[in-house]
Amino acid sequence: MKNVKTMLKAPVALAATCALALGLTACGGTATSEGSAATGSAPAATSASMTMNEGKIVFATSPDYPPFENLEDGEYVGLDMDLGRAIAEELGLECEYTNIDFDGIVPAIVAGGQADAGLSGISVTPEREEEVDFSTPYYIDNQAVAVMSDNTELTEENAAEALNSEAVTIAVQSGSTGADFAGENFPNAEIVTFPNFTDAFAAVQAGQADAVCGNLAVVEQMLSGAYADQHTILTSATGEEYAIAVSKDNPELLEAINDAIATLDENGTLETIVAENMG
Amino acid sequence: MRTPITSQSTGRAHACPAAWARTARVAFALMFTCLFGSLLALAAPAAPAQAMEIVKCTGRPNSDKDQTTIQGGTQSRITFEATVDAGEGVESLTILVPEGTTYETDDLAVTLLTGDDFMTRVDPSYTLESDERSLTLTFEPALTEMGRLNIIIYGVYFPVAGGEMQVAASYTLAGDADNTGHAIADIPVISVEGISGPEALSQWLEEQAWVQAWNENRFLHLFFDPTILVTSFPVVLTGFFMSLGVVAVAFPLAIPLGLLLALMRLSKIAVVRGIATTYVNLVRGTPLFLQIYVAFFGLPLAGIDIPNFPLGVTVMCMNSGAYMCEIYRAGILSISKGQTEAARSLGMTSLQTTLYVVLPQMFRLVIPNLTSEFIVLYKDTSLLAAVGVMELVMYARTIVASTGSITPYIVAAVFYLIITLPLSKVTRHLEDRVHGGRRRRRAVADAAEKGEVAHA
């Protein structure tokens, strides 16, 4: 095994250079992979600090998912954001957020250099567990399906059956638990994915889709705001777990975050944060 | 807060199929004997009228192919939900997983959902007994609260061959005089597909030593993971056809649109010129991304209801038309005024001059630029991903989001290069032909000379 590994090193550096030269920059991962290729033999774990920068923890987040993460007047607000700040305080570190598209967060954590941990309503799935380590879950997610209020074909009474029909188009956010839920429970429906959850609601508003499926708290938040003429027709307690993603190379940080979550859970801070944001 | 789940689960049940079959047969035989026995006895009190009813029994889709396919031999999850009536007193529940299916019990989630909307979670206390085929939950105390019992079994691997998977379940009540159990009827089957070629290949690759060594390098793992490469290739291919479809329709339509706009911009009538100029400036002056958003969410609100694909094609065509207009205009203006004057002096009308003298020469000049415009248009179809058109990038993005690997983007890049690289070469060749007439003649002469030398 060792031999193969050494043999691979030279072509790796070459490949990294080539990719850089070609400008195959997908999601900003390339810049950091250069760093990891160069320092591959000296893992970050050996340094005194368990975060990239001494005294500071950087969370990657995609602030398009209220009430979990959102930008308000340039401020990061929401359940996850409050949690991140509480964890940082618990660890005695300064808290910083960096804005990365949702589907780029896990790759960014794997590549390293962009952020220490991913905190963006990331649910624990077997595929993601192959890439990163997850902290103790801090939130259990429920799903909801919403349609336009004047929709007479899809109602609260018939939702469970009527949604599972070829005639129905369901808008979801790509890679979200809502997408999984729709795929598992309404396999006959046409599922349209949007990179941004807000756009899924806009699609229902515009008639591009019949229903939107996603996290209950987020759906309720959206419906109480910009999309007041839609209503929820189905809710389901699914039990998807939200957790913080940490690089597999950084067990110290994972342990520290887990300890912090345990403390916050014990002293009631976690409950307060959830209550404040889900109000 | 629920108990934390362990990040690494290893307790997957392994056993040979023959053993399952035997266990199953014995279990069934026992069940039937007991049932028959109790019927004969009949002295036992009648079973309660109410019964646990199935709410749902689903498997988690686990294929990169689409969001609804469940395939065998790949990790999945079974969600089982059944009603519990008030005061019923469910003492135990036995779930029989489909034959040939393995599962883990480490992360087993047992929740009683209560309340009017079944959204309140209660964690019942239970003890678990399990073997290869079945798991039995014994509730202590018995469940009496009205609600739905939700059980999520993790680490499920359906048989590789797939098929209609039937989960069976039975329960016992506190008031039961015997332990026969009541079967839960009408449990929906889970349709599992046989593992697809690429997925099987991916799993085979995952076990190879060189792949494991390859993936130990973080860069290669993130960008060129062979296991994800093979599964994302066919998926992204579907999107490739969608992208090609969009340009294949939009580009030919943009050619006449651009020409019309170019002629309008060169018109002597100020209003016509003004309209074309405004349109071209608006389209060229704003990002295509915004135009797509406005068209997808704005037009339907204005009562114009067009499906995704034609709408995408329309936006791309209208955008490209504006750019082509400028290409044509430059082409027309570059044709020497003498040509027009000569045509007019021969008695040709203005229309004839344009049709027979100006445009044919112009087209020859702009073909290289049009090819570049085609490349730009093809690459720009990626922007349609933002509004739910399932094209190249959207398919890649879906896999990136679920796997956390960048590899699908690399696959997508390959699909762009397949078209753009040969086209760039064609463009260069065409440019040579347009601008290098003299050069070409000289090259031919050179070749002829060389030929002579060779002959000599």
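Keep in mind the model is a prediction, meaning the values are calculated, not measured. (Residues numbered from 1 in each chain as written. Chains lettered and ligands numbered in written order. Predicted model: local features only at pLDDT ≥ 70, side-chain atom pairs only at ≥ 80, totals over all residues.)

Next up on the list: the overall build of chain A. The helix and strand inventory of chain A stands at 11 helices and 13 strands. For chain A, the residues scored as buried account for 54% of the 279 residues in total. A separation of at least 24 residues holds for 69% of the contacts in chain A among residues at least 6 apart in sequence. (Helix = DSSP H or I, 4+ residues; strand = E, 2+ residues; numbered from the N terminus. Buried ≥ 20, exposed ≤ 12 C-beta atoms within 10 Å, placed from the backbone. Contact = placed C-beta atoms within 7 Å.)

On to the overall build of chain B. Scanning chain B for helices and strands turns up 13 helices and 12 strands. Relative to its 456 residues, chain B shows a buried fraction of 35%. Partitioning the contacts of chain B with sequence separation of at least 6, the portion at a separation of at least 24 is 76%.

It is worth spelling out the interface of chain B and chain A at this point. Taken together, the contact between chain B and chain A spans 53 residues of the former and 60 residues of the latter. For the side of chain B that touches chain A, the secondary-structure elements that each account for two or more residues are strand E4 (109-114), strand E8 (147-157), helix H3 (209-216), helix H4 (218-224), helix H7 (288-298), helix H11 (392-403) and helix H12 (407-435) of chain B. At seven residues, the largest contribution of residues to the side of chain B that touches chain A is made by H11(B). Looking at the side of chain B that touches chain A, its residues break down into 30 nonpolar, 15 polar and eight charged. (Nonpolar A, V, L, I, M, F, W, Y, C, P; charged D, E, K, R; others polar.)

Residues and elements named next belong to chain B. Every buried residue of H7 is accounted for by Ile292, Ala295 and Phe296. Buried residues of H7, seen end-on, are gathered within an arc of 90° and therefore sit on one face of the element. Opposite the packed face of H7, turned more than 90 degrees from it, sit the exposed residues Leu290 and Val294. Packing partners of the buried residues in H7 comprise helix H8 (308-333). (Arc of directions from axis to C-beta.)

Turning to its location among the elements, Gly404(B) is positioned in the loop between H11 and H12. You can call Gly404(B) buried: it has 28 C-beta atoms within 10 Å. Dropping the residues within four chain positions of it, Gly404(B) is found in contact with Val106(A), Pro107(A), Val110(A), Glu127(A), Arg128(A), Glu131(A) and Val132(A).

Residue and element names in this part refer to chain B. Among the structural elements, cysteine 325 can be located in helix H8. Looking at cysteine 325, the number of C-beta atoms within 10 Å reads 26, which means it is buried. The spacing of cysteine 325 and glutamate 88 is 237 residues in sequence and 76 Å in space, taken between C-alpha atoms. If we skip the residues at most four places from it in the chain, cysteine 325 touches Gly258, Leu261, Ala262, Arg265 and Val280.

So, about the nonpolar core. Counting 146 residues, the largest nonpolar core has Ile109(A), Ile170(A) and Ala211(A) as the members making the most contacts within it. A per-element tally of this core places helix H5 (residues 226-265) of chain B first, with 14 residues. In this structure Ile170(A) touches Leu163(A), Ala182(A), Phe186(A), Ala189(A), Ile191(A), Ala209(A), Asp210(A), Ala211(A) and Cys213(A), once residues within four positions along its chain are discounted. If you look at the next biggest cluster of nonpolar residues, it comprises 32 residues, including Leu113(B), Leu149(B), Ile153(B) and Val192(B). (Core = buried A, V, L, I, M, F, W, Y, C linked by C-beta atoms within 7 Å.)

Right, let's talk about the sheet that holds strand E6 (residues 126-130) of chain B for a bit. As a general point, the strands of a sheet are linked pairwise by backbone hydrogen bonds and lie either parallel or antiparallel. Residues and elements named next belong to chain B. Strand order in the open sheet made by the five strands is E6-E7-E3-E10-E11, with antiparallel pairing throughout. Each edge of the open sheet is held by one strand with a lone partner, namely E6 and strand E11 (182-183). Where E6 meets strand E7 (residues 134-143), five bridges bridge the pair, whose relative direction is antiparallel. Following the sheet pairing, threonine 127 is matched in E7 by threonine 138. (Pairing = 2+ DSSP bridges.)

Residues and elements named next belong to chain B. Closest axis-to-axis distance for the helix H9 (residues 337-345)/helix H10 (residues 350-380) pair is 10 Å, and the angle between their directions is 135°. Considered as vectors, H9 and H10 are oriented oblique to each other. Remark: the crossing between H9 and H10 carries right-handed chirality. Where H9 abuts H10, its residues Gln339, Thr340, Ala343 and Arg344 lie against Thr353, Val357 and Val358. (Axes fitted to C-alpha atoms, helices over the stretch in contact; angles between N-to-C directions. Parallel < 35°, antiparallel > 145°, perpendicular 65-115°, else oblique. Left-handed = near helix turned anticlockwise from the far one by under 90°.)

Residue and element names in this part refer to chain A. Read across the open sheet, the five strands follow the order E10-E9-E11-E8-E12; overall the sheet is mixed. This sheet does not close on itself; its edge strands, each paired only once, are strand E10 (190-194) and strand E12 (230-242). Across the sheet, the mean angle separating the axes of adjacent strands is 25° when strand polarity is ignored. As paired strands, strand E8 (residues 139-148) and E12 are joined by nine bridges and run antiparallel to one another. The residue of E12 that forms the bridge with valine 147 is histidine 231.

This next bit is on the domain arrangement of chain A. Interface size is often expressed as the accessible area that is lost when the parts come together. All names here are of chain A. By the assigned domains, chain A splits into domain 1 (49-138 + 243-278) and domain 2 (140-240). Taken over C-alpha atoms, the centre of domain 1 sits 26 Å from the centre of domain 2. Domain 1 puts 11 residues into the contact, and the matching count from domain 2 is 13 residues. Considered class by class, the residues forming the side of domain 1 that touches domain 2 number seven nonpolar, one polar and three charged. (Domains from an automatic or database assignment.)

Moving on to unusual backbone geometry. A cis amide bond, omega 5°, links Pro66(A) with the succeeding residue Pro67(A). Its place among the elements puts Pro67(A) in the loop between strand E2 (64-65) and strand E3 (69-72). Backbone torsion omega between Glu140(B) and Pro141(B) reads 0°, so that peptide bond is classified as cis. With respect to the secondary-structure elements, Pro141(B) resides in strand E7. Not every positive phi belongs to a glycine, and Asp73(A) is a case in point at roughly 50°. Within the secondary structure layout, Asp73(A) lies in the loop between E3 and strand E4 (75-77). Looking at Asp73(A), the number of C-beta atoms within 10 Å reads 5, which means it is exposed. The phi dihedral of Asp186(B) falls on the positive side, at around 60°, and the residue is not glycine. Among the structural elements, Asp186(B) can be located in the loop between E11 and strand E12 (190-192). Residue Asp186(B) is classed as exposed on the basis of its C-beta count, with 7 C-beta atoms lying within 10 Å.

Turning our attention to the packing of H5(B) against H10(B). All names here are of chain B. Interhelical geometry of H5 versus H10 gives an angle of 135° and a closest axis separation of 9 Å. Regarding the angle of H5 to H10, the classification is oblique. When the axes of H5 and H10 are compared, the crossing they make is right-handed. In this structure, H5 contributes Ser243, Val247, Ala250 and Phe251 to the contact, and H10 contributes Phe374, Leu377 and Tyr378. Class assignment of the residues belonging to the contact of H5 with H10 gives a composition of six nonpolar, one polar and no charged.

With 82% of its residues at a pLDDT of 70 or more, chain A shows a mean pLDDT of 82. In this model, residues 1-48 of chain A is a region of pLDDT below 50 whose contacts with residues beyond four sequence positions or in other chains number 61 contacts. (pLDDT = per-residue confidence, 0-100.)

We now examine the pairing of E10(A). Looking along a regular strand, one sees the side chains alternate between the two faces of the sheet. All names here are of chain A. Judged by how many residues are buried, E10 sits mostly within the fold: four of five residues are covered. Here five bridges tie strand E9 (residues 169-173) to E10, and the two strands are oriented parallel to one another. Across the sheet, the residue bridging to isoleucine 170 is isoleucine 191, located in E10. On the question of chirality, the crossover connecting E9 to the parallel E10 by way of helix H7 (residues 177-185) is right-handed. (Right-handed = clockwise from strand over helix to strand, strands pointing away.)

Another aspect to go through is the environment of Asn258(A). Residue and element names in this part refer to chain A. Position of asparagine 258 relative to the elements: it lies in helix H10 (residues 251-266). Taking the C-alpha atoms as reference points, asparagine 258 and isoleucine 244, 14 residues apart in sequence, are found 9.2 Å from one another. Those residues in contact with asparagine 258 that sit more than four places away from it in its chain are Ser135 and Thr136.

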